[in-house]
Amino acid sequence: MAGGDFSVNGDGKSYGGKVTASVVITCIVAASGGLLFGYDIGISGGVTTMQSFLGKFFPSVLRKMEDAERNQYCTYDSQVLTLFTSSLYLAGLVASLLASQLTQALGRQTTILIGGLTFLSGSVINAGAVNVEMLILGRILLGLGVGFTNQATPLYLSEMAPSKWRGAFNTGFQFFLNLGVVIANLINYFTARIHLWGWRLSLGLALVPASIMTLGVLLIPDTPSSLVQRGKLERAREALSRARGSNTDVEPELADLVRADEVSKSAKVVPIRSLLRRRYRPHLVMATAIPLFQQLTGINVIAFYAPVLFQTVGFGADSALMASVILGSVNLVSLVVSTFVVDRFGRRVLFMEGGVQMIVCQVIVAAILAAKIDVSSTQPLSKGFSLLVFVLMCIYAAGFGWSWGPLSWLIPTEILPIEIRPAGQSVAVAVNFAITFVLSQTFLSLLCHFKYGTFLFYAGWIAIMTAFVAFFLPETKGVPLESMHRVWEQHWYWRRFVTETKATSLL
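What you see is a predicted model, and the numbers here were worked out from it, not measured in a lab. (Residues numbered from 1 in each chain as written. Predicted model: local features only at pLDDT ≥ 70, side-chain atom pairs only at ≥ 80, totals over all residues. Heavy atoms only, no water.)

1. Things to note about a nonpolar patch on the surface
So, point 1. Together, Phe450, Phe457, Trp461 and Ile464 line one region of the surface with nonpolar side chains, adding up to about 350 Å² of accessible area.
So, point 2. Per-element accounting of the nonpolar patch gives the leading share, three residues, to helix α23 (residues 453–472).
So, point 3. Mapped onto the elements, Phe450 comes out in helix α22 (residues 421–450).
So, point 4. Assessed through its relative accessible area of 43%, Phe450 is described here as partly exposed. (Patch = residues over 30% accessible without salt bridge, like charges linked within 9 Å, V, L, I, M, F, W, Y side chains within 5 Å. Areas by Shrake-Rupley, 256 points an atom, 1.4 Å probe, with all protein chains shown as cover. Salt bridge = Lys/Arg side-chain N within 4 Å of Asp/Glu carboxyl O. Helix = DSSP H or I, 4+ residues; strand = E, 2+ residues; numbered from the N terminus. Buried < 20%, exposed > 50% of the residue type's maximum accessible area, 1.4 Å probe, protein only.)

Written out as structure tokens, the structure is:
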């Protein structure tokens with residue numbers, strides 16, 4: 001990533017410039033929005049295993065844990081407890097739909113700022129909660145904050161990054177997300193030892209990532225695409241010049257951005273309604289299917305409830321929290337691998353390899369749990385089999401970390417044309433939150449009733465989505481955003497939608 005020419009535009013003309021310190025810094029600040037989401041994913045699962053937290057807010061779950069005759073799969077099956085985790089994602093769903101209009105009207109930078117301030121408010125309320133109602137209110141505010149940042153941050157990264165390195169830059173969001181998970185699990189490991197108020201410290205420290213992002217975003221410019229779209233041409237030129245280098249002629253790239261904006265405005269596009277047009281059918285399908293499939297890998301619910309899951313298979317409380325730290329660290333390292341290979345080997349190869357890896361691991365885990373856990377007994381897995389389950393979960397997390405993790409945030413932002421990009425990203429984030437809400441609300445019940453079949457359930461979905469990628473996802477590696485229409489025109493299936501519509505518009 002030392003420099004060189006960026007990829008060509010739609011006319012075969014190359015954009016000059018190097019990867020500058022400015023574009024790296026602005027993308028890091030924007031990607032730090034992932035810390036908010038990651039910290040929350042990691043912190044909630046560990047907090048829900050702390051006895052002081054359960055005793056104050058969910059005493060019925062604590063009584064189940066003390067029941068010697070319990071079904072190991074069903075210990076944590078409480079709809080109110082899962083609502084503590086899943087309420088954030090319901091709020092995020094609402095926020096992501098509202099954020100589409102904010103991102104279009106106010107820009108990416110302002111939307112990220114609003115998200116950070118809202119998240120800060122939720123952190124304060126959760127840390128000081130005295131009843132379940134305060135907990136849920138805090139979670140809702142956290143969800144609104146995450147909804148705004150998840151809408152704007154991936155757009156920011158795709159629009160600021162040079163097309164040659166867009167995949168690597170966009171993985172920054174998932175990197176910070178995974179870093180947030182690891183940090184949260186480490187914090188839980190230590191705060192669990194603070195008997196009465198450790199959970200308050202865990203929840204309250206969400207202020208730190210929110211403050212970092214909120215202060216940082218005040219120092220970065222909005223994206224050139226967003227500035228052009230809002231008629232701020234001179235500011236767009238300045239932002240582009242800073243990003244590409246002061247000695248670079250940015251006029252060709254700026255001209256393409258202006259041209260794309262003029263085309264979208266001349267077409268009188270109404271973003272949300274336009275998504276239903278035939279010409280945007282491929283974009284709508286991908287903006288819906290990719291985030292849907294990402295959640296159906298089961299990774300987020302496993303991340304939420306990793307401490308619960310590891311206690312179920314025989315780890316002690318401290319060991320389960322440390323196992324969660326290691327699991328998150330494996331995911332983080334695998335994401336670094338993705339950063340170096342995504343722009344070399346492309347998106348499709350990583351999607352399919354990661355899918356096969358996750359399927360194999362989940363099937364083996366299901367087989368071990370089916371053979372070795374007796375639901376009528378309190379005897380957990382032996383140490384050897386518990387360790388094997390843990391290793392398989394790490395291999396599963398690695399497969400996700402270099403495939404469906406970062407790529408599911410990248411693909412929707414890079415395949416959407418500028419006129420529907422905020423609306424399409426809003427749909428993608430809304431789908432992500434909607435499915436996350438459903439899965440997180442039902443996972444503990446699913447684990448209770450499906451038992452080891454829970455892992456087969458997710459393995460089946462991964463098989464379906466891997467086949468979907470093989471047949472329907474075009475390769476977008478190195479293609480400039482302004483030229484992305486070509487991948488659809490050349491695809492064996494999707495070209496019938498975009499070329500027929502194009503031909504009709506010329507008549």
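We are not done yet, so read on.
2. Some details on the nonpolar core
So, point 1. Of all hydrophobic cores here, the largest spans 58 residues; its most connected members are Met286, Met393, Tyr396, Trp404 and Trp488.
So, point 2. Apart from the residues lying within four places of it in its own chain, the contact partners of Met286 are Pro291, Ile415, Phe468, Phe472, Leu473, Pro474, Trp488 and Trp494.
So, point 3. Membership of the second largest hydrophobic core comes to 52 residues, among which are Cys27, Phe37, Tyr39 and Leu177. (Core = buried A, V, L, I, M, F, W, Y, C linked by side-chain atoms within 4.5 Å. Contact = heavy atoms within 4.5 Å.)

3. What about the side chain of Thr297?
So, point 1. Relative to the elements of secondary structure, Thr297 occurs in the loop between α15 (281–295) and α16 (299–304).
So, point 2. On the accessibility criterion, Thr297 (0% relative accessible area) is buried.
So, point 3. Not counting residues within four places of it along the chain, the set of residues in contact with Thr297 comprises Met358, Gln362, Tyr396, Phe400, Trp404, Tyr458, Ile462 and Met465.

4. Here we look at helix α2 (residues 33–47)
So, point 1. If you check α2, its first and last C-alpha atoms are 22 Å apart, about what 15 residues at 1.5 Å a residue would give, namely 21 Å.
So, point 2. Extensive coverage of α2 is indicated by the burial of 15 of its 15 residues. (Expected span 1.5 Å × (residues − 1).)

5. Some points on the environment of Leu201
So, point 1. With respect to the element layout, Leu201 can be found in helix α9 (residues 198–204).
So, point 2. In the structure, Leu201 is positioned 73 residues away from Gly128 in sequence and 9.7 Å away in space, judged by C-alpha atoms.
So, point 3. Beyond its immediate stretch of four places on either side in the chain, Leu201 contacts Tyr39, Thr191 and Ile194.

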